[in-house]
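Understanding the architecture of this molecule
These are the residues of each chain, in order.
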Protein chains: 2
Amino acid sequence: MIYPKPLEDLVKQLQKLPTIGPKTAQRLAFSILKMSEEEAAKVSKSISEVKTKLKYCTICGSITDQDPCMICTNPNRSHQIVCVIEEADDLLAIERTRQYKGVYHVLMGALSPLDGIGPRDLRIGSLLDRVGEKNIGEVIIATNYTTEGQATALYLAKQLDNFDVDVTRIAYGIPVGGDLEYIDDQTISRAIEGRRKINL
Amino acid sequence: MIYPKPLEDLVKQLQKLPTIGPKTAQRLAFSILKMSEEEAAKVSKSISEVKTKLKYCTICGSITDQDPCMICTNPNRSHQIVCVIEEADDLLAIERTRQYKGVYHVLMGALSPLDGIGPRDLRIGSLLDRVGEKNIGEVIIATNYTTEGQATALYLAKQLDNFDVDVTRIAYGIPVGGDLEYIDDQTISRAIEGRRKINL
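Thresholds, definitions, all that
- Residues numbered from 1 in each chain as written.
- Chains lettered and ligands numbered in written order.
- Predicted model: local features only at pLDDT ≥ 70, side-chain atom pairs only at ≥ 80, totals over all residues.
- Heavy atoms only, no water.
- Helix = DSSP H or I, 4+ residues; strand = E, 2+ residues; numbered from the N terminus.
- Contact = heavy atoms within 4.5 Å.
- Pairing = 2+ DSSP bridges.
- Axes fitted to C-alpha atoms, helices over the stretch in contact; angles between N-to-C directions.
- Left-handed = near helix turned anticlockwise from the far one by under 90°.
- Nonpolar A, V, L, I, M, F, W, Y, C, P; charged D, E, K, R; others polar.
- pLDDT = per-residue confidence, 0-100.
- Expected span 1.5 Å × (residues − 1).
- Buried area = accessible area lost by both parts, 1.4 Å probe.
- Salt bridge = Lys/Arg side-chain N within 4 Å of Asp/Glu carboxyl O.
- Polar contact = N/O pair within 3.5 Å; in protein donor to acceptor, adjacent residues only side chain to side chain.
- Least-squares fit on C-alpha atoms with pLDDT ≥ 70 in both.
- Core = buried A, V, L, I, M, F, W, Y, C linked by side-chain atoms within 4.5 Å.
- Buried < 20%, exposed > 50% of the residue type's maximum accessible area, 1.4 Å probe, protein only.
- Right-handed = clockwise from strand over helix to strand, strands pointing away.

So, about the environment of Leu33(A). Counting through the fold element by element, Leu33(A) comes out in helix α2 (residues 22–34). In the structure, Leu33(A) is positioned 26 residues away from Leu7(A) in sequence and 8.5 Å away in space, judged by C-alpha atoms. Setting aside residues no more than four positions away along its own chain, Leu33(A) makes contact with Leu7(A), Val50(B), Lys51(B), Leu54(B) and Ile63(B).

The following block contains the structure:
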């Protein structure tokens, strides 16, 4: 015996979460054990509720508790601009900036032939349908700057070429606050490639 | 809107856990969202079960699903040696070594006048009762090497002086694999203080 069974179960369950190893799982399990019964019930309830109450928006594919989601139904957002992202988490990152006023389209991944992920596995068909049916003026492709993300961006740009829509790619380069000395070569060459004229 | 409500709730709940900040909480919440409903239910169930199924052993104060616990009821362990620890987690650390064959006594904290924790707030009375009633030969004090842990050790040693029992303190010094150059002065002076004769 090291752990009583319910504690062992919890430690095992917590280890399924990303970046949680055996030691962290044990520390978290003990802290849950030290919570009041009411507090632990809240954590437990929150976990089951995200699975039961949340769904994917049938329009944009983001995570939502109402369908269509609050962004797709918001009349104050521009429905003429669609930002294409790989995962629903990316939406939060963009929303946090409070800069973007358009709508989204979540692909639910990126093209990856090695992992057997082709165009049919992503929400590309529904993106083309949206662009075909609605009055959309610009599609911003905001996939990650990885091999998969770049391949996906290129594929999408080709598909969207058949439509009367501007296709743009978000800028990649030196991060704000970045010091050239410590930035990798690829980012620097990408930043030089993406240089823009300074308007004085 | 950034998060749908159930997701926001979960992120808030996860942040109550130690070392889990807003970013980690968000990452964990998303990974729970990506689990199958069945898997998420298991996590949720494990959390509620540690609170409902586990209790403290009435003899030693450790966390257990049966009372008295498996260590206190184990006939293969030496019930003549009692190791006194601050918290139930410490028991696991000692058990992992598979070296110690005695039983335990969890104090549920350490003396800390600044936080208003006095002898009556700890399981000291029940320790003295155990030593008084039973045939105990040695009490190993394994409180932490902190101001509170040291004060507690000293207090216990004085209390136990009235009984016919050996009172020992676990050794503190250089950790195994420790390089003197990188070890703090207090640990070094403690290691010198605790030096033992080398038996050739």
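Okay, back to it.
Before going further, it helps to examine the sheet that holds strand β5 (residues 138–141) of chain B. Residues and elements named next belong to chain B. Sheet architecture is open: four strands sit in the order β4-β3-β5-β6, paired in parallel fashion. The sheet is open, and its two edges are formed by β4 (103–106) and β6 (166–169), each paired on a single side. Sheet twist, expressed as the mean angle between neighbouring strand axes with direction ignored, is 25°. In this structure, strand β3 (residues 81–85) lies alongside β4, joined through four bridges in parallel fashion. Each bridged residue has a counterpart across the sheet, and for Ile85 the counterpart in β4 is Val106. With respect to the sheet, helix α5 (residues 124–133) is in contact with β3, β4 and β5, its orientation differing from that of β4 by roughly 150°.

Attention now goes to the packing of helix α3 (residues 37–53) of chain A against helix α1 (residues 5–14) of chain B. Contact pair α3(A) / α1(B): the axes reach a minimum separation of 9 Å and the direction vectors enclose 145°. Taken as a pair, α3(A) and α1(B) cross one another with a handedness that is left-handed. In contact with Glu39(A), Lys42(A), Val43(A), Ser46(A), Ile47(A), Glu49(A), Val50(A) and Lys53(A) of α3(A), α1(B) contributes Pro6(B), Leu7(B), Asp9(B), Leu10(B) and Gln13(B). Of the residues contributing to the contact of α3(A) with α1(B), the split by class is six nonpolar, two polar and five charged.

Below, the discussion takes up unusual backbone geometry. Residue and element names in this part refer to chain A. Following Asp67, the chain continues to Pro68 via a peptide bond in cis, the omega torsion being 0°. With respect to the helices and strands, Pro68 occurs in the loop between β2 (63–64) and β3 (81–85). In this structure, Thr19 takes a positive phi of about 65° despite not being glycine. By secondary structure assignment, the location of Thr19 is in the loop between α1 (5–14) and α2.

Here we come to the confidence of the model for chain A. All names here are of chain A. Here chain A shows a mean pLDDT of 88. Residues at 70 or above account for 97%. The secondary structure element of chain A with the lowest average pLDDT is helix α7 (residues 185–193), at 78, and the one with the highest is strand β4 (residues 103–106), at 96. Interface confidence in the predicted complex, given as ipTM, is 0.70; pTM for the same model is 0.69.

This paragraph deals with helix α3 (residues 37–53) of chain B. Spanning 17 residues, α3(B) covers 23 Å between terminal C-alpha atoms, matching the ideal 24 Å at 1.5 Å per step. Residues of α3(B) that are buried sit in contact with α1, α2 and α3 of chain A together with α2 (22–34) of chain B.

With 51 residues of chain B at the interface, the matching set in chain A holds 51 residues. Overall, the association of chain B and chain A removes approximately 5100 Å² of surface from exposure, summing both partners, and the carbon and sulfur fraction of that is 71%. Viewed at the interface, chain A and chain B are joined by two salt bridges. Two residues, Lys34(B) and Asp89(A), come together in a salt bridge whose shortest N-O distance is 3.8 Å. Inspection of the chain B/chain A interface yields nine residue pairs in polar contact (both at pLDDT 80 or more). Residue contributions to the side of chain B that touches chain A peak at 14 residues, all from α3(B).

Right, let's get into the relation of the copies chain B and chain A. Mapping chain B onto chain A is achieved by rotating through 180° and translating by 0.0 Å along the same axis, at an RMSD of 0.1 Å. Expressed as an axis order, the relation between the two copies is that of a two-fold axis. Every residue of chain B has its C-alpha some distance from the rotation axis, and the shortest such distance is that of Ser44(B), at 2.2 Å. The fraction of interface residues of chain B whose copies in chain A are also interface residues reaches 100%, indicating that both copies meet through the same surface.

Let us look at the nonpolar core. Counting residues in hydrophobic clusters, the biggest one holds 104 residues, and the most contacted among them are Leu14(A) and Leu14(B). Contacts of Leu14(B), omitting those with residues within four sequence positions, involve Ile20(B), Ala25(B), Leu28(B), Ala29(B) and Ile32(B).

This next bit is on the environment of Leu92(B). The topology assignment puts Leu92(B) in helix α4 (residues 88–96). Taking the C-alpha atoms as reference points, Leu92(B) and Ser62(B), separated by 30 residues in sequence, lie 9.8 Å from one another.

Moving on: the pairing of strand β6 (residues 166–169) of chain A. For a regular strand, side chains alternate in direction, first toward one face of the sheet and then toward the other. Residue and element names in this part refer to chain A. Inspection of the sheet shows strand β5 (residues 138–141) paired to β6 by four bridges, in the parallel sense. Of the residues in β6, the one forming a bridge with Ile140 is Thr168. Once you follow β5 into helix α6 (residues 147–160) and on to β6, the crossover reads as right-handed.

Residues and elements named next belong to chain A. Read across the open sheet, the four strands follow the order β4-β3-β5-β6; overall the sheet is parallel. The outermost strands of the open sheet, each flanked by one partner alone, are β4 and β6. The average undirected angle you get between the axes of adjacent strands in this sheet is 25°. Across four bridges, the pairing between β3 and β5 is parallel. Bridged to Cys83 within β5 is Ile140. Together, β3, β5 and β6 form the strand contacts of α6, whose direction differs from that of β6 by roughly 170°.

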